[in-house]
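# Results of the structural survey
Given next are the chains, with one letter for each unit.
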Amino acid sequence: MAARRTTATAKKAAAAPLATKGAAKKAAAKTGTAEKALAKKSAPKKATARKAAARKATAKKAPATTAVTEKRASLERYHAMRDFQRTPEPSGEAPGVAADGTRRFVVQRHRARRLHYDVRLEIDGVLVSWAVPKGPTLDPDARHMAVHVEDHPLEYADFEGVIPKGEYGGGDVIVWDRGTWEPHGTDDPAAAVREGSLHVDLHGEKLRGRFVFVRRGRPDADGKEQWLLLHKHDEAAVAGWDPEDHPRSVKSGRTNDEVAAAPAAVWRSDAPADEAEVALGAPVEVPTWEGPTADELAALDELGAKGTWVVAGREVALTNLDKVLFPGRDGEAPVTKRDLVRYHARVAPHLLRYLHDRPVNLHRFPNGVERPGFWHKEVPSHAPRWMTTWHNDRADPGETQWYFVVDQVAALPWLANYGAVELHPWTSRASDPRRPTWALIDIDPGTRTTFDEALVLARLYRAALEHLQVTARPKVTGKRGIQIWIPVTPRYSFDQTRDWVEKVSRAVGRTVPELVSWRWHKTEREGLARLDYTQNAVNKTLVSPFSARPAPGAPVSVPIEWDELDDPDLTPDRWTIRTVLDRLAEAGDPLAPLVGAAQDLPEL
């Protein structure tokens, strides 16, 4: 069960050299075409034909009553714009919610092509709707544009999930606010909407008080009406109130990122409203940790070459704190063990979320990274008794029996003192070691692969995963490559995640075959990159986010947003243990919302 790791430099291939710069330019030029090709290969039939068939089928189901006929007429545009064989949105053909005199409203935060908020009011059996780019606000001095859009069925008030890319409004949706409302100054809100001025009192979990919808001028060329949405100066008004400061769903408590990674439910468009929502596996909750205090960091600075440091309530014995572990780069001072201990403690709140409840493999460099390191898994006898460990009951004789499980702040400085430069967590949890929670894609550069070529491959994966509606994030490795981490619900075997990643990788490789080799050994790849899907196996690992790497300056493996693949300043070792905390303070961790997410992989 030992994890395979290649650290030696591969020999140059005997074959003709690859013109890397030319290949990178050609491949980059092909990226747009290739991304379209990837989507085209698995694209469904024309949406027009699907939608016409869906409308024809749903038309046969409509009950012949006056109320339903009127409801159907109101929802005709809604139906015409959607294919309910493709989108999980409620169709509105199932029986609606019976009116009891109480009017409901819902506001959905919707990340489609652009972020906006959909404000929907229940009027005459449907949800009359406006798209508000800046969202509703309690600030009485704000005047936010609102576009009057098609009516939606009442069932839509509970819809939270993901609309597939390529469908109308494709993107993730959360129930941002909901409650009841009353019209003000009219007994006929439908007529008020037609006349272009509606005053309402909202009683929501976030929105309260009197709001006004006012139409501005005539419809535009597309027939859409431009309105203004504003809040009156009343007791509920709050100056400067920003909806983006309140990003979580009132239904699930989740953000759009978390819903995109793993919808808590899917919708059956053809089912009655009380049966339409089908629950999925809930995401795993991950603890949070506090980093060291200013006093604790000051105590570390005051220690001599060795001593006992008390951090997070634990005593950590430290030695040789002034030993150089990494040579400097770009004129900077070398990085000492004290520097690594300090970094491990400060980055703990971010790093621990990737190590918690997982066996961890260590890549140790106790004599510094300029000397050969070695892999270490077995917990030594001198490890502190407070360290969490895990026994591998399936280990064969001679294999590692006890692994570290790094789940507390003090464990990280102890490991840094132990010379553990790289931390490699398993993709499965100690509580269920045969079921991975991450599927991994490793873009492993060849000896002649440029970073521009690695970026071309990463962008192709981006296109493929977006087309498949799979949420993932890339990360630079701190060395030369790029990895992509995909959260999965822990019901798959390693064989299943490996096979799925291989299929996607083969499609990417066929798009730019001049950049990719499928040979196992680097010496046989003629300097080309390998799209490594084999890391999806028990006890095979990739370096953790925010782990240091054994190179000058102590570079760090850092998660990035997809659009950062287009940043001309991006390099695989851009951030070090001296700079990555500033990056976290400014940009956060794009991978964090996906930790613990229970995402199903689509059939390929």
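What counts, and where the lines are drawn
- Residues numbered from 1 in each chain as written.
- Predicted model: local features only at pLDDT ≥ 70, side-chain atom pairs only at ≥ 80, totals over all residues.
- Heavy atoms only, no water.
- Buried < 20%, exposed > 50% of the residue type's maximum accessible area, 1.4 Å probe, protein only.
- Helix = DSSP H or I, 4+ residues; strand = E, 2+ residues; numbered from the N terminus.
- Arc of directions from axis to C-beta.
- Contact = heavy atoms within 4.5 Å.
- 1 Å grid on protein atoms, 1.4 Å probe; cavity = no way out; pocket = protein on both sides within 12 Å on 5 of 7 lines; lining within 4 Å.
- Points joined across faces, edges and corners; volume = space filled by probe spheres on them.
- Phe/Tyr/Trp six-rings, centres within 6.5 Å; stacked < 30°, edge-to-face > 60°.
- Lys NZ or Arg CZ within 6 Å of the ring centre and 35° of its normal.
- Pairing = 2+ DSSP bridges.
- Axes fitted to C-alpha atoms, helices over the stretch in contact; angles between N-to-C directions.
- Parallel < 35°, antiparallel > 145°, perpendicular 65-115°, else oblique.
- Left-handed = near helix turned anticlockwise from the far one by under 90°.
- Nonpolar A, V, L, I, M, F, W, Y, C, P; charged D, E, K, R; others polar.
- Salt bridge = Lys/Arg side-chain N within 4 Å of Asp/Glu carboxyl O.
- Core = buried A, V, L, I, M, F, W, Y, C linked by side-chain atoms within 4.5 Å.

The next subject is helix H7 (residues 294-302). Among the residues of H7, Glu296, Leu297 and Leu300 are the ones counted as buried. For H7, the buried positions fall inside an angular range of 100° around the axis, keeping them on one side. What points out from H7, more than 90 degrees from its buried face, is the exposed set Ala294, Asp295 and Glu302. Where the residues of H7 are buried, they touch strand E12 (307-311), strand E13 (314-318) and helix H8 (337-346).

Right, let's get into empty space enclosed by the protein. Summed over the entire model, instances satisfying the criterion amount to three cavities of 30 Å³ or more. Estimated volume of the largest cavity: approximately 60 Å³.

Attention shifts here to the packing of aromatic side chains. Evaluated as defined, the whole model comprises 14 aromatic pairs. Judged by centre distance (5.5 Å) and plane angle (70°), the rings of Trp130 and Trp227 are edge-to-face. In this pair, Trp130 is assigned in strand E3 (residues 126-132) and Trp227 in strand E9 (residues 225-231), connecting sequence segments 97 residues apart. With respect to class, Trp130 is no different from Trp227; both count as buried. Taken together, the aromatic side chains of Tyr354, Trp438, Trp485 and Phe546 make up a single cluster linked through ring pairs. Against the face of Trp575 rests Arg583, its NZ or CZ located 4.6 Å from the ring centre.

This part covers unusual backbone geometry. Within the chain, Asn320 stands out as a residue other than glycine whose phi angle is a positive 50°. Asn320 sits in the partly exposed class, given a relative accessible area of 44%. Positioned with a positive phi, Gln469 is a non-glycine residue whose angle comes to about 60°. Within the secondary structure, Gln469 sits in the loop between helix H11 (451-467) and strand E24 (473-476). On the basis of relative accessibility, which here comes to 31%, the residue Gln469 falls in the partly exposed class.

Now for the sheet that holds strand E27 (residues 558-559). Read across the open sheet, the five strands follow the order E26-E23-E25-E24-E27; overall the sheet is antiparallel. Whereas interior strands pair on both sides, the edge strands pair on one side only; in this sheet they are strand E26 (530-532) and E27. Bridge count between E24 and E27: two bridges; the pairing is antiparallel. Looking at the pairing, Val476 lines up with Val558 of E27. Lying over the sheet, helix H12 (residues 494-511) contacts strand E23 (438-444), strand E25 (482-487) and E26, oriented at roughly 35° with respect to E23.

As a further point, take the packing of H11 against H12. At their nearest, the axes of H11 and H12 sit 10 Å apart, and the two run at 120° to each other. The pairing of H11 with H12 is recorded here as oblique in orientation. Like other packed secondary-structure pairs, H11 and H12 cross with a definite hand, here right-handed. Contact residues: H11 offers Leu457, Leu460, Tyr461, Ala464 and Leu465, while H12 offers Trp500, Val504, Ser505, Val508 and Thr511. Of the residues that constitute the contact of H11 with H12, the class distribution is eight nonpolar, two polar and no charged.

A full pass over the atoms with the stated rule returns 29 salt bridges. One salt bridge in this structure joins Asp158 and Arg178, with 3.6 Å as the shortest N-O distance. Separated by 20 residues along the polypeptide, Asp158 in the loop between strand E4 (144-153) and strand E5 (161-163) and Arg178 in strand E6 (residues 171-184) bring together distant segments of the chain. Looking at Arg178, the relative accessible area reads 28%, which means it is partly exposed. In this structure, Arg329 engages Asp330 in a salt bridge whose closest nitrogen and oxygen atoms are separated by 3.7 Å.

What follows concerns the nonpolar core. One broad trend across soluble globular proteins is that nonpolar side chains are buried collectively. In terms of nonpolar packing, the biggest core is built from 97 residues, with Ile486 and Phe546 touching the most fellow members. Tallying contributions element by element places H11 first for this core, with ten residues. Setting aside residues up to four positions removed in sequence, Phe546 forms contacts with Tyr343, Val347, His350, Leu351, Tyr354, Val556, Ser557, Val558, Pro559, Val580, Leu584 and Asp589. Grouped together as the second largest cluster of nonpolar side chains are 26 residues, Val107, Val132, Val200 and Leu202 included.

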